[in-house]
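Given next are the chains, with one letter for each unit.
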Amino acid sequence: AETVEITSGRSKSLELARRIGFRRREAMALHSLGLTLAHLGEYGAALAAQERYVALSEQISQHAARAWGPAAMALVYVQQLDVHRAEAALNRARKAAEENAWPELLAWTRHLSGLLKLLRHLERRDTLQLSLARADFLASLDLLEDNKRGWSEALDPAEVAACLALTWLCAGNQKQAAMVLPRARAWGPASAHSAHVVSALEALVARQPPSN
């Protein structure tokens with residue numbers, strides 16, 4: 001119910017921005033709506049929202065969309081395990097982020113790349129993919145910490161740390177996973193979602209069922 005309410009609120013924000021002709025706000029609302037739709041599994045609608053976001057952003061010279069848009073599309077493709085499209089979108093986003101020195105975007109692309117590899121490992125039990133996923137999550141977390149980039153709608157540092165720990169748990173190395181816990185806990189107060197992620201990770205490392 002909460003996610004439906006959030007989606008409804010963002011749809012209203014989009015409608016209002018269009019009504020008053022605030023094109024920058026319209027672009028941002030499209031991006032936010034697309035992210036929410038992706039998390040709800042509405043993949044077609046999520047991609048359509050991001051495509052409109054990128055197109056509108058180009059018209060108003062909002063160049064950050066050249067990285068944010070493809071990265072958000074990559075989120076959808078990762079969830080669908082569409083490796084070819086995910087990698088193509090991530091390459092576009094990473095190129096724009098590198099050219100403009102956007103550390104938060106670089107961190108997000110590395111996280112998404114790690115998720116894709118982790119999912120491929122879980123599907124195939126490919127240890128190389130697991131090692132590559134760990135390198136991506138570590139790079140993402142280092143970028144966030146070095147640049148003091150906290151929680152955002154797109155990326156939760158606590159989730160990045162949890163995924164890093166999960167790669168160690170998948171490799172059967174509980175000690176290394178436990179060493180990641182302090183890095184995850186540092187981001188716990190950022191949001192309710194962050195706190196939940198940290199709690200679940202603590203339970204996993206302790207080999208206990210999650211509390212909720």
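Remember, predicted model here, so these are calculated numbers, not experimental data.

**Here's the deal with the nonpolar core**
Part 1: Grouped together as the largest cluster of nonpolar side chains are 58 residues, with contacts concentrated most on Tyr 53, Trp 108, Leu 112, Phe 137 and Leu 201.
Part 2: By residue number, the principal contributor to this core is helix α4 (residues 65-79), which donates 11 residues.
Part 3: When neighbours within four sequence positions are excluded, Phe 137 is seen to be in contact with His 111, Gly 114, Leu 115, Leu 118, Val 160, Cys 163, Leu 164 and Thr 167.

**What about the state of the cysteines?**
Part 1: Counted under the stated rule, the structure contains 0 disulfides.
Part 2: Take Cys 163: it sits in no disulfide, and the sulfur closest to it among the cysteines is that of Cys 170, at 9.9 Å.

**Brief notes about the confidence of the model for the chain**
Part 1: When pLDDT is averaged across the chain, the result is 89; 90% of the residues are at 70 or more.
Part 2: Predicted confidence for residues 1-6 stays below pLDDT 50, and this span has 3 contacts to residues more than four positions away or in other chains.

**Here we look at unusual backbone geometry**
Part 1: Notably, Ser 61 is not glycine yet its phi reads approximately 60°, a positive angle.
Part 2: Looking at where Ser 61 falls in the secondary structure, it is placed in the loop between α3 (43-59) and α4.
Part 3: We note that Arg 125 has phi near 60°; this positive angle belongs to a residue other than glycine.
Part 4: Summarising the element assignment, Arg 125 is placed in the loop between α6 (103-124) and α7 (127-146).

**Considering helix α9 (residues 174-185)**
Part 1: Between its terminal C-alpha atoms α9 stretches 17 Å, which fits the 16 Å expected from 12 residues at 1.5 Å a residue.
Part 2: All buried positions along α9 are accounted for by Ala 177, Val 180, Leu 181 and Ala 184. The buried residues of α9 occupy an angular sector of 135° when projected down its axis, which confines them to one face. Projecting away from the buried face of α9 at angles above 90 degrees are the exposed residues Lys 175 and Met 179.
Part 3: Here the buried face of α9 lies against α8 (157-170) and α10 (192-205).

**A look at the pattern of salt bridges**
Part 1: Inspection of every chain in the model, using the stated rule, returns 8 salt bridges.
Part 2: Lys 117 is the partner of Asp 136 in a salt bridge, and the nearest nitrogen-oxygen pair spans 2.7 Å. Of this pair, Asp 136 sits in helix α7 while Lys 117 sits in helix α6, and the two are 19 residues apart along the sequence. In terms of burial, Asp 136 and Lys 117 fall into one category: buried.
Part 3: For Asp 142, the salt bridge is made with Arg 183, and the minimal N-O distance between the two is 2.8 Å. Within this pair, whereas Asp 142 is found in helix α7, its partner Arg 183 is found in helix α9, the two being separated by 41 residues in sequence.
Part 4: A relative accessible area of 23% places Arg 183 in the partly exposed class.
Part 5: One salt-bridge network, in which partners are shared between bridges, spans Arg 110, Lys 117 and Asp 136.

Conventions adopted
- Residues numbered from 1 in each chain as written.
- Predicted model: local features only at pLDDT ≥ 70, side-chain atom pairs only at ≥ 80, totals over all residues.
- Heavy atoms only, no water.
- Core = buried A, V, L, I, M, F, W, Y, C linked by side-chain atoms within 4.5 Å.
- Buried < 20%, exposed > 50% of the residue type's maximum accessible area, 1.4 Å probe, protein only.
- Helix = DSSP H or I, 4+ residues; strand = E, 2+ residues; numbered from the N terminus.
- Contact = heavy atoms within 4.5 Å.
- Disulfide = S-S within 2.5 Å.
- pLDDT = per-residue confidence, 0-100.
- Expected span 1.5 Å × (residues − 1).
- Arc of directions from axis to C-beta.
- Salt bridge = Lys/Arg side-chain N within 4 Å of Asp/Glu carboxyl O.

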